[in-house]
Amino acid sequence: MNILEQFRPIRTFIFDVDGVLTDGTVQLMPNGDLSRKMNTRDGYALQLAVKKGYRIVIITGGKSESVVSRLKDLGIRDIYTAVVDKKEQLSDYAMMNDLSWDEMLYMGDDLPDFFAMQMVALATCPSDAAQEIKSICKYISPFRGGDGCAREVIEKVLKLNGDWLIDDTISSK
């Protein structure tokens, strides 16, 4: 099967935060807060997917109010932070929402994502993911974490389903 055809049935995207939606760098601020950098192109794709009716799920071991706030501003409601067992969290979420594994894409970058990624139809990762993660992925993005890898996989799915570049909420003037 052509790899692109594996993107077509995706209706649910699961993303890790650090190393996927960010570059994995954490800056320590003088007041003790941790600062992360997120890509606006990833943000555009995330909010468009939500508007088009796709499910975006965030499962992260980190805990950051500023990250949660940013994701909520993009329209994402299914945000799970400080998760110790991502496989268990994903199993519970899928069961509660009666979701099909065949319609899920998971993008992770490091060992805490390993077992959860093996549950979904399409395991993906950024180009700079840990080797163990790359070894189980069906698709490795040419983009690094925090540098457009989330947008790339979302864009593939939306284009294959005729949902890309058609944002009805943006008026043309």
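- The name given to the protein in an unreviewed UniProt entry is 3-deoxy-D-manno-octulosonate 8-phosphate phosphatase, with Chitinophaga caeni as the source organism.
- The record held by UniProt for the protein lists under Cofactor (unreviewed entry) the comment "Mg(2+)".
- Under Subunit (unreviewed entry), UniProt gives the following word-for-word description of the protein: "Homotetramer."

### Section: a nonpolar patch on the surface
- A cluster of nonpolar side chains, namely Val26, Leu28 and Leu34, defines an oily patch on the protein surface of about 270 Å² accessible area.
- You can see Leu28 is positioned in strand S2 (residues 27–28).

### Some points on the sheet that holds strand S8 (residues 139–140)
- Within the open sheet, the 6 strands sit side by side as S5-S4-S1-S6-S7-S8. Their pairing is parallel. Two strands in the sheet have a free side with no partner beyond their single neighbour: strand S5 (78–80) and S8.
- Here strand S4 (residues 55–59) runs beside S5; their pairing, made up of 3 bridges, is parallel. Across the sheet, Ile58 pairs through a bridge with Ile79, a residue of S5.
- Packed on one face of the sheet, helix H6 (residues 149–160) meets strand S1 (12–15), S4, strand S6 (104–107), strand S7 (122–125) and S8 and runs near 175 degrees to S1.

Thresholds applied
Residues numbered from 1 in each chain as written. Predicted model: local features only at pLDDT ≥ 70, side-chain atom pairs only at ≥ 80, totals over all residues. Heavy atoms only, no water. UniProt positions renumbered as here; feature names shortened; annotations may be inferred. Patch = residues over 30% accessible without salt bridge, like charges linked within 9 Å, V, L, I, M, F, W, Y side chains within 5 Å. Areas by Shrake-Rupley, 256 points an atom, 1.4 Å probe, with all protein chains shown as cover. Salt bridge = Lys/Arg side-chain N within 4 Å of Asp/Glu carboxyl O. Helix = DSSP H or I, 4+ residues; strand = E, 2+ residues; numbered from the N terminus. Pairing = 2+ DSSP bridges. Contact = heavy atoms within 4.5 Å. Axes fitted to C-alpha atoms, helices over the stretch in contact; angles between N-to-C directions.

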